[in-house]
Amino acid sequence: MADLQFQLKTAPPRAIRSAPLRKRLELRWAEINDRAAIIVTAPQGFGKTTLLAQWRRNWLERGAFVAWATLDSQDDRARFVNLLLYALRAATGRESFALAATQNMMQANGELDALTTLLAEVAQLATPTVVILDDAHRMPQGPMRELLAYLLNNAPPNLQFLIGSRRPLELQLTDLLAAGRMTELDARDLRLGLDESLEILRARFGGRISLDDAVRLHEITEAWPLGLQLAASAIERATDLHEMIRQLSARRGDIHRFFFESLLSQMPPEEAAFLVCISILEAVSSEICEAVTGRSEAAMYLERLASESPLVTLGEDRDWLRLHSMARDFLLGQFDKLPADERRGYYERAATWYADHGQLQDAARHALAAGNDALAVEHAAKCFLDIAREGRLAEARDWIGRLPPNALKRDVQLQLAVAWVTALGEEAASVPSLIEKIRQHPQFDEGCRFLADLVFAAAGTFCDQPGRIAEALHGWDRLPDWASPLHAAAWINAQANLAFLRGDFDHARRLLSASLRSASREPGMRLALGHSDMILGLTHLVEGNPAKAIAVLRPRLELAEREVGRRTAVPAMLAGVLAGALMLQGQSDQVQEVLADRLDVIEKLALPDSTVMAYRALAEISLRRGEEARALEILVALRELGLARDLPRMSLVSLGEQVRIHAIHGRTQTAFELVGQIEALRPVFESSTYSAMQHLYRRTLAHARAYACLAASDLDGAEAALSVAADAPPSARRGAPVLAIRALQALVAHDRGRPEGREMLAEVLSLADLAGIRSYVEWAHPRLSELTAPVTESERTRTRGQTSSTQRATAPPSVPATSKRATVEPHSSGGLLTPKEARILSLLAMGRANKEIARAMDIGEQTVKWHLKNVFFKLNAASRKHAVDRARLLGLIEA
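Note that the coordinates shown come from a computational prediction; the quantities given were computed from them, not determined experimentally. (Residues numbered from 1 in each chain as written. Predicted model: local features only at pLDDT ≥ 70, side-chain atom pairs only at ≥ 80, totals over all residues. Heavy atoms only, no water.)

Student: Looking at this structure, how should I read the side chain of Arg79?
Tutor: Looking at the element boundaries, Arg79 is found in helix α4 (residues 77–92). According to the relative accessible area criterion, Arg79 is buried, its value standing at 15%. When near neighbours in sequence (up to four residues on either side) are disregarded, Arg79 contacts Gln5, Phe6, Lys9, Asp72 and Gln74. (Helix = DSSP H or I, 4+ residues; strand = E, 2+ residues; numbered from the N terminus. Buried < 20%, exposed > 50% of the residue type's maximum accessible area, 1.4 Å probe, protein only. Contact = heavy atoms within 4.5 Å.)

What follows is the structure in structure tokens.
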């Protein structure tokens, strides 16, 4: 009977074909597979057993003996030893492990002797041997502390242990840890990365699920593997996945059934009732739970939940726990079934506890839920600015409408707080009138003046009006000694933003460096420091170092998402700029993942720089994928957003990018019409409000004009425009836009037949390689590929011909220059056609097809089509035959 039980307990789980191979964890195994002990600790549903089974296969493939044992509560000392010996005998085929049990187990303290013999037998195998113990948390504590600890601490070099448990094991393993021979993985390691969630959902739904919806599911399930599978099962049969995901709830269907069956139904009634009641709290501790529920057993309940349930996790402060959002949603559904008076009582007790402990934001929320609006507003008025500076702007704006007029009228600081929140949103344009009214308040003093000017500067930042920022900071060249850390950070951000717009990136970084070093990363500084991080990333990005920008922005974005969620102000502003940096490096998939399910938030809450970069990145990705219509649609939407919010820089950037797309596709008239719309913006950018952006306007206009001229084969116009566009501040001369401009200058030189065109582009691409932005520069124009292709014989001949022409022009008249021209060789086009266009025309006159022309000139067929469009335009021809006839009529080729 025992052998039959052991046979079941030592049988490894069947591999699940559909289980995804998690590359990140495979790489982790490659790093740690030589450790004496690897302990994987995570609650239910994190894929521990699946991971252990996959790692078992890895060791087997390396030729190791691998024994498997699933533990349970009946594994006392003797049974554990026998189970282990049986597992090793099954894995190795050595009967000596059975003899060890027979010889030692009948003696006093025979378990330890048997384990000693086991270790000796393993050592004699001279083969790597791995013992995998699953469900170790179910093993009785006595045998675990003694026998398992003995095994781990005395294992020979060829023996390793891989242990899976739902809760931390109470083992004395300090020597193994100190020696670096043990590794621990927990739920943080097993949570799904966004890329892993996307891989699972795409494998299951294919093209039915959009990237935004997939990211939304990842957020809802908080990267809990089982949660993602439950959510996927709940929506699988839906005809409209988007709508189903929007309505997804743990209060009904399969998810509800799972939580009820695995959570509440398995608990004692009093513990289940306790869990339902505390679901109204975003974070829980034993103290507040006891106050709200009146249960003295609160600490015991929470300890049990924390150690055994996947639904409770540690918060940022280890004294506090938080419920998984899906579990909380389910429990709130149960809470809503309680009588109204009982629910009100829980909310009131929570509000009282929060108020007594100075947590006025939470006190206000719970007072409002209890129906006590007056008390809620009283609390909110005292902490209104704290809500905003933590980056919870939507919540702060919601409270603005609830604040009583009398309270606002009395309190000048509250008025300034309201103005500050208003400055960081779509109504920022109304801030000057608000500030003007606040200045009339009898309590308005020097401190209020400083704060009012900071609010004015914040509004100028959100409205993308650097002139307003400079006006607000006039007279505040130095930071007042009495300024608070928050106000100091806001002042530094405003000064750094101006320095950035002027192109003085070093000065901006010096300012921000001092701010970021001295400021605390406490919640009240979150919004200000998020702005600082964004500006710092921008300085690196515009300077031509996207890798540094990514290094700054990515960890800050991940931290902000953990603290306040994906769809809030700070993550939104960081995500837009990070997307811009990733786009320059050609990481299209990562751009889309960063922006997924929050472009609408970026539009509403992020600063203009972030919004512009997000839209440009998405448009560029669409263009590279051949989705030209989608790229133009994105850019038109950016312009419409700029017009709606009176943000001319958005319109400028949108128009410039539209010109580029139309020009490289040969739509010359459309390109010039859009250039005209850019020219119409000149008075706006010449005004004092936008004077700091004049260099951006001039460069964008010149760049756009150059593209339009290239489309019209106006090389003189293109060269003149590019000369203006390349005139950038020294700090930006290695930036992506300037390198793209220099690449176009190389193209113009090439079209003029200058041999240095290739060398010019080679230098630009070398600089782009250093910055990791080569793909961005190469995409500046499709014809740049001509300059990177090997030099053709025709080009060598033309170069030699140009050299000979120069020599003939400078030779004495007595030296004849006779050469018989072929009947279809081009005459001098007098500047009408470029050398390449003339060559294509001559081959066209010989009846060559596009493919033959491309092969003869060693260029792409698309490039041939491009040149032919220009030839047709210049000769006013409607067809290939018409073009040849027109060329003969004009004397460009001989009949």
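There's plenty left to go through after this.
Student: Looking at this model, I keep getting lost on the packing of helix α32 (residues 569–584) against helix α33 (residues 588–595). Mind explaining?
Tutor: Think of two packed helices as two axes; the pair is described by the angle between the axes and how far apart they sit. At their nearest, the axes of α32 and α33 sit 8 Å apart, and the two run at 175 degrees to each other. In terms of orientation, α32 and α33 fall into the roughly antiparallel class. Contacts between α32 and α33 involve Ala575, Gly576, Leu578, Ala579, Leu582 and Met583 from the former and Gln590, Val591, Val594 and Leu595 from the latter. A per-class count over the contact of α32 with α33 returns 8 nonpolar, 2 polar and no charged. (Axes fitted to C-alpha atoms, helices over the stretch in contact; angles between N-to-C directions. Parallel < 35°, antiparallel > 145°, perpendicular 65-115°, else oblique. Nonpolar A, V, L, I, M, F, W, Y, C, P; charged D, E, K, R; others polar.)

Student: Looking at this model, I keep getting lost on the side chain of Ser651. Mind explaining?
Tutor: As for its position among the elements, Ser651 is in helix α37 (residues 648–664). Contacts of Ser651, omitting those with residues within four sequence positions, involve Arg639, Gly642 and Leu643.

Student: Sorry, what's going on with the pattern of salt bridges here?
Tutor: In the structure shown here, the tally under the stated rule is 47 salt bridges. For the salt bridge of Asp464 with Arg649, the shortest nitrogen-to-oxygen distance reads 2.8 Å. Here Arg649 lies in helix α37 and Asp464 lies in the loop between α26 (446–462) and α27 (466–473), a separation of 185 residues in the sequence. Pair check on accessibility: Asp464 and Arg649 agree, each one buried. One salt bridge connects Arg660 with Glu657, and the closest N-O pair in it is separated by 3.2 Å. Note that Arg660 and Glu657 are positioned in helix α37 at a spacing of 3 residues, about one turn of the helix. (Salt bridge = Lys/Arg side-chain N within 4 Å of Asp/Glu carboxyl O.)

Student: Please clarify how a negative patch on the surface should be interpreted in this entry.
Tutor: Where like charges cluster on the molecular surface, the negative patch consists of Glu270, Glu287, Glu290 and Glu297. With respect to the helices and strands, the residue Glu297 is situated in the loop between α16 (286–293) and α17 (298–308). (Patch = residues over 30% accessible without salt bridge, like charges linked within 9 Å, V, L, I, M, F, W, Y side chains within 5 Å. Areas by Shrake-Rupley, 256 points an atom, 1.4 Å probe, with all protein chains shown as cover. Lys, Arg positive; Asp, Glu negative; His and termini not counted. Charge placed at Lys NZ, Arg CZ, Asp CG, Glu CD.)

Student: Is there a simple way to think about the sheet that holds strand β2 (residues 65–70) in this case?
Tutor: Sheet strands line up and pair through hydrogen bonds in the backbone, either parallel or antiparallel. A sheet is described by the order of its strands in space; here 5 strands give the open sequence β2-β3-β4-β1-β5, paired in parallel fashion. Pairing within the sheet leaves two strands with one partner each, and these edge strands are β2 and β5 (182–185). Taking the axes of each pair of neighbouring strands and ignoring which way they run, one obtains an average angle of 10 degrees across the sheet. One ladder, built from 4 bridges, connects strand β1 (residues 37–41) with β5; its direction is parallel. Its bridge partner being in β5, Val40 is matched across the sheet by Leu185. Its contacts with the sheet place helix α3 (residues 48–61) against β1, β2, β3 (129–134), β4 (159–165) and β5, and it is angled at close to 160 degrees to β2. Against the sheet, α4 touches β2 and β3, its axis set at about 145 degrees to β2. (Pairing = 2+ DSSP bridges.)

Student: Could you clarify how one ought to interpret the environment of Asp212 in this entry?
Tutor: One can find Asp212 in helix α11 (residues 211–221). For Asp212, a relative accessible area of 39% corresponds to the partly exposed category. Expressed as a C-alpha distance, the spacing of Asp212 and Arg598, which sit 386 residues apart in the sequence, is 8.1 Å. If near-sequence neighbours (up to four positions away) are discounted, Asp212 is found in contact with Ala596 and Asp597. At 2.8 Å, the side chain of Asp212 and the backbone nitrogen of Asp597 are in polar contact. (Polar contact = N/O pair within 3.5 Å; in protein donor to acceptor, adjacent residues only side chain to side chain.)

Student: Would you mind showing me how to read the packing of aromatic side chains here?
Tutor: Describing an aromatic ring pair means giving the distance of the ring centres and the angle of the ring planes. Within this structure, the stated rule accounts for 12 aromatic pairs. Judged by centre distance (5.6 Å) and plane angle (80 degrees), the rings of Phe335 and Tyr347 are edge-to-face. Highlighted residues: Phe335 in helix α18 (residues 325–335) and Tyr347 in helix α19 (residues 340–356), separated in sequence by 12 residues. Each member of the pair, Phe335 as well as Tyr347, carries the same accessibility label: buried. Geometrically, the ring pair formed by Phe450 and Trp482 is edge-to-face, given 5.7 Å between the ring centres and 90 degrees between the ring planes. With Phe450 in helix α26 and Trp482 in the loop between α27 and α28 (485–502), this pair connects stretches of sequence that are 32 residues apart. (Phe/Tyr/Trp six-rings, centres within 6.5 Å; stacked < 30°, edge-to-face > 60°.)

Student: What am I meant to see in the environment of Phe6 here?
Tutor: Secondary-structure assignment places Phe6 in helix α1 (residues 2–9). Separated by 64 residues in the primary sequence, Phe6 and Thr70 have C-alpha atoms spaced 9.2 Å apart. When near neighbours in sequence (up to four residues on either side) are disregarded, Phe6 contacts Arg79, Asn82, Leu83 and Tyr86.

Honestly, it's all geometry; don't read function into it.
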